[in-house]
Amino acid sequence: MSTDAPVRAVGGLPFGRRRRQGTERVRTPERYWSRPAQALFDALRTTPDGLAEAEAARRLESHGPNELEASQRPSRLRVLWRQVKSPLVLLLIIAAVISALTGNWTDAAIVLAIVLGSVLLGYSREYKAQVTIARLRERVVTGVRVLREGGVATLPLPHVVPGDLVLLSAGSTVPADARVLEAKDLFVSQAVLTGESFPVEKRPGVAAPDASLIERDNCVFRGTSVRNGSGMCLVVATGRDTSFGDIARRLTLRAPETEFDRGIRHFGYVLLTTMGVMVLVVIGANTLLERPPVETLLFSLALAVGLSPELLPAILNVNLSAGSQAMAARGVLVRRLSAIENLGSMDILCTDKTGTLTEGVVSLEGAYDASGERSGDVLDLAVLNATYQTGQSNPLDEALLQARRTGAPPTAKLGEIPYDFVRKRLSVIVRQGDVARLVMKGAFTRVVETCTRVAGGAPLDAPLRAELQRRVDAWGQQGIRILALATRPIEVRDGYAREDEHALTFEGFLAFLDRPKEGAREAILELSRMGVALKLITGDSQRVAEHVARQVGLGTERVLTGRQLQEVSDEALWHQAERVELFVEVDPTQKERIILALKKQGHVVGFLGDGVNDAPAMHAADASLSVQHAADVAREAADFVLLEQHLDVVRRGIEEGRRTFANTLKYILTTTSANLGNMLSMAAATLLLPFLPLLAGQILLNNFLSDIPAVGLAGDSVDPELVDTPQRWSMRFLARFMVAFGLLSAVFDFLTFGALLLLFHAGPALFRTGWFIESLLTELVVALVVRTRRPFYRSRPGTLLLVSTCAITALTFLLPFLPFAGALGFVRPPGMLLAGVVVITGLYVVAVEQAKKVFYRRTAPGGALSG
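## Concerning the packing of aromatic side chains
Thought 1: Within this structure, the stated rule accounts for 19 aromatic pairs.
Thought 2: Judged by centre distance (5.4 Å) and plane angle (35 degrees), the ring pair of Phe753 and Phe767 falls under tilted. Note that Phe753 is positioned in helix H26 (residues 731-759) and Phe767 in helix H27 (residues 764-786), a separation of 14 residues in sequence. An identical accessibility class is assigned to Phe753 and Phe767; each is buried.
Thought 3: One aromatic cluster in this structure is built from Tyr368, Phe444, Trp475, Phe506 and Phe509.
Thought 4: It is Lys600 that lies over the ring of Trp574; its NZ or CZ is 5.0 Å from the centre.

Structure follows, in structure tokens:
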């Protein structure tokens, strides 16, 4: 259903409201497909005028939202619990309790205070991000037209309840399991449930009590889509009580894991292994050195926490929220947050031409008879077909209706054989006076194959077919799209089927123009500059597609037709798909094959579609895009909804996706490189020093303070070169980066150790104070250096990142001089020590800057994360 009408909530209930226990439910009538309509009205306690609003609100409370998986509104307690239940936080709480039980109250208080600060920091950022995400999702909710109290209302799909009367039309998604009460040429695609290739006609009536799901032609089911016609149905089951929900109960229906999600998961495994090894080594070494066990335990756990980027989930949510807000401001609504990075990584975009490369405003150039002469009779027949077809509205039929002539004789519709993507034609059966005839309109090749003669009686032999084809080709070279028209007399009867489409008379041609969209050529060039190749996938004829491609600057040398695709094996297609520029005359299943073939070759593939036939390809793509006024089934399959159908909007979305990806990686690179070096040097120092180099509370405080500026990375500026090329997750790159810069950090840590011990003869307290300042300073400044591939002084950081870094830097120098410094284990350092730390930090910045140049010089340009 279209969402043009305002989508309103029912009874003031918010989206995602949970079911209230103890409220009476309306049970799904047993064998509802075999019961009379009135019996269903009685069982569901509803009327032909629909439910009253108050009753609908009560049912929404008792049954819960019409969702397969319950959506949850942002909850402060839930977000807080997500922070607290982190394994690292729980370990620290246990360690603090052990400290308290053994009398180390100061250590316990410090650990708990820092844990509380970390939890509150993550909570505040993540809750705000979730609220923002929820608001954006409500902007793209699917609307459903229902009858309530005798009037038509458009409601959010989750608010449909048992007993509702739903109005269906071509292109809409069926919102629930329902019994058909009225139908006009209602054909539904239910392949998602039954695997049937062709749409199935649905009619009112009663089915046998033992009818299987595929035999219930008086029912429609959740998740299927209307391909043709219109109807009204009575909802009998919603949410997980539907047939589709039953499948969801038995199968875990999860969106495919994105490359970025998979990378984060593998990254977590690497960190977990590293932490485990390091902690075991430290515990073993300190046990052999006979150090206090509680102190050793706290130190080891703090070491593990120090190595982990524990704010990563919150940072991810903040980044994705900021990215979705920025994309919404630039005309792209995000339906699936985890796909944002995929959009940024995309290097191939597949799209149809209509509305994207062309204006999508189709005009009728003319109607012609078989000899190529303009014909009013052919136009009248085409208008009849367009008037009485009940499929989804399309620009071609709209153009025909605008061109209709006045004075047509009275006509009655007798039946319809709806369009499908295999036949590529549509027939209506009409009666004018005493004459009934079938009027067919469709793709030229698919219409002419059903014809045996042309208008006037001449047989349609091979030479005449060739002549007609030459005429079509000539029009195609001018960018004119051609449909063919054919008729035949037919007897009046109750129903008509595809088998009636034979022995037709070829009447003529319908010529349409759809001009190239202004700015399309420039947008394609800009996408190409950003490393995104555009591939045209269309059901249109080869000649028309080539003409449009030439006008917008696409190549036309390598073309693959639908017929050729049928003869190509999957393995051969994997190698051909990369090189082909235009895929023409293809059907929906072939679109999906093309997407999968491109993915098989390692590409990140996007697909832009807006029709019912695009849904399979959209599900297969890494990043699927649709438009605001697309068919429901296409919009539901999309990761992103464009508020304007133009490639420049896609380009803006890609830019924001790449910024989000880059800022997320900055946090990972910063924390892992600096943290690994500090933790390695700290673990080594425990073996060389007669005391622990830092207390557990100091490690945790260091980690907490260094994480505060990281929150500002979500709004950090991104260098143009990171937006200009696709960036992809690579564990190999991350491992090299972590080791290279971690070891460099460790070198300067050991330099600091030497200075503290040899120059300043520091005892345990002064040593810890000096190294705390140095390690925190290096973590803060390295974030400003490694956040960019440029010299750091040529890339201005975001305001929040810069201000928070300066503030924490100032606090680092002040900490040892504050009144409570002694409780934290700090002493006041001499001025020369502070000066020495500043010098070492400055040398570290210079070394990191030089190492960065060498590192990126050895990394493939434009694809540093794709190694």
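## Structural notes on the pairing of strand S16 (residues 504-513)
Across a regular strand the side chains alternate sides, sitting on one face of the sheet and then on the other.
Thought 1: Among the 10 residues of S16, 10 are classified as buried, and the element is accordingly described as predominantly covered.
Thought 2: Judged from the six bridges that link them, strand S10 (residues 363-369) and S16 form a sheet pairing that is antiparallel. Residue pairing for S16: Asp369 is matched across the bridge by Gly508.
Thought 3: As paired elements, strand S14 (residues 451-454) and S16 share three bridges and run parallel to each other. Within the sheet, the bridge partner assigned to Arg453 lies in S16 and is Thr505.
Thought 4: Pairing geometry for strand S15 (residues 481-489) and S16, over seven bridges, is antiparallel. From the neighbouring strand, Thr487 faces S16, where its bridge partner is Thr505.

## Overview of the pattern of salt bridges
Thought 1: Inspection of the entire model under this criterion finds 33 salt bridges.
Thought 2: For Glu656, the salt bridge is made with Arg659, and the minimal N-O distance between the two is 3.1 Å. Linking Glu656 with Arg659, this pair stays in helix H23 (residues 647-688), spanning three residues, or about one helical turn.
Thought 3: In this structure, Lys852 engages Glu849 in a salt bridge whose closest nitrogen and oxygen atoms are separated by 3.4 Å. Of this pair, Lys852 and Glu849 both sit in helix H29 (residues 831-857), separated by three residues, roughly a single helical turn.

## A word on the sheet that holds strand S19 (residues 582-584)
Thought 1: Read across the open sheet, the eight strands follow the order S8-S22-S21-S20-S9-S17-S19-S18; overall the sheet is mixed. Every interior strand has two partners, whereas the edge strands, strand S8 (332-334) and strand S18 (559-561), have only one. Mean inter-strand twist for the sheet, computed between neighbouring axes without regard to direction, equals 20 degrees.

## Concerning the environment of Leu669
Thought 1: Summarising the element assignment, Leu669 is placed in helix H23.
Thought 2: Between the C-alpha atom of Leu669 and that of Ala783, which follows or precedes it by 114 residues, the distance is 8.5 Å.
Thought 3: Aside from chain neighbours lying at most four places away, what touches Leu669 is Phe733, Leu734 and Phe737.

## Quick word on the environment of Ile773
Thought 1: Structurally, the position occupied by Ile773 is in helix H27.
Thought 2: Taking the relative accessible area as the measure of exposure, Ile773 reaches 0% and is therefore buried.
Thought 3: Here Ile773 is in contact with Thr812, Phe813, Pro816, Pro829, Leu834 and Val837, once residues within four sequence places are set aside.

## Let's talk about unusual backbone geometry
Thought 1: The backbone of Ala503 sits at a positive phi, close to 50 degrees, despite the residue not being glycine.
Thought 2: Here Ala503 lies in the loop between S15 and S16.

## Overview of a nonpolar patch on the surface
Thought 1: A cluster of nonpolar side chains, Leu680, Val739 and Leu743, forms an exposed patch at the surface whose accessible area comes to about 240 Å².
Thought 2: Counting through the fold element by element, Leu743 comes out in helix H26.
Thought 3: A relative accessible area of 47% places Leu743 in the partly exposed class.

## Overview of the packing of H27 against helix H28 (residues 799-814)
Thought 1: Where H27 contacts H28, the axes come no closer than 10 Å and their chain directions differ by 170 degrees. When the interaxial angle is binned, H27 and H28 end up roughly antiparallel. Between H27, through Ile773, Leu776, Leu777, Leu780 and Leu784, and H28, the contact on the second element is made entirely by Leu801, Thr805, Ile808, Thr809, Thr812 and Phe813.
Thought 2: Looking at the contact of H27 with H28, its residues break down into eight nonpolar, three polar and no charged.

## What to know about the nonpolar core
Thought 1: Counting 40 residues, the largest nonpolar core has Phe299, Leu303, Met682, Leu701, Leu705, Phe767 and Phe772 as the members making the most contacts within it.
Thought 2: Taken together, the elements giving at least two residues each to this core come down to helix H8 (259-288), helix H9 (293-307), H23, helix H24 (696-707), H26, H27 and H29.
Thought 3: The element that contributes the greatest number of residues to this core is H27, accounting for eight residues.
Thought 4: If sequence neighbours within four positions are ignored, Met682 has contacts with Phe299, Leu303, Pro693, Leu694, Ile699 and Trp771.

About the thresholds
- Residues numbered from 1 in each chain as written.
- Predicted model: local features only at pLDDT ≥ 70, side-chain atom pairs only at ≥ 80, totals over all residues.
- Heavy atoms only, no water.
- Phe/Tyr/Trp six-rings, centres within 6.5 Å; stacked < 30°, edge-to-face > 60°.
- Helix = DSSP H or I, 4+ residues; strand = E, 2+ residues; numbered from the N terminus.
- Buried < 20%, exposed > 50% of the residue type's maximum accessible area, 1.4 Å probe, protein only.
- Lys NZ or Arg CZ within 6 Å of the ring centre and 35° of its normal.
- Pairing = 2+ DSSP bridges.
- Salt bridge = Lys/Arg side-chain N within 4 Å of Asp/Glu carboxyl O.
- Axes fitted to C-alpha atoms, helices over the stretch in contact; angles between N-to-C directions.
- Contact = heavy atoms within 4.5 Å.
- Patch = residues over 30% accessible without salt bridge, like charges linked within 9 Å, V, L, I, M, F, W, Y side chains within 5 Å.
- Areas by Shrake-Rupley, 256 points an atom, 1.4 Å probe, with all protein chains shown as cover.
- Parallel < 35°, antiparallel > 145°, perpendicular 65-115°, else oblique.
- Nonpolar A, V, L, I, M, F, W, Y, C, P; charged D, E, K, R; others polar.
- Core = buried A, V, L, I, M, F, W, Y, C linked by side-chain atoms within 4.5 Å.

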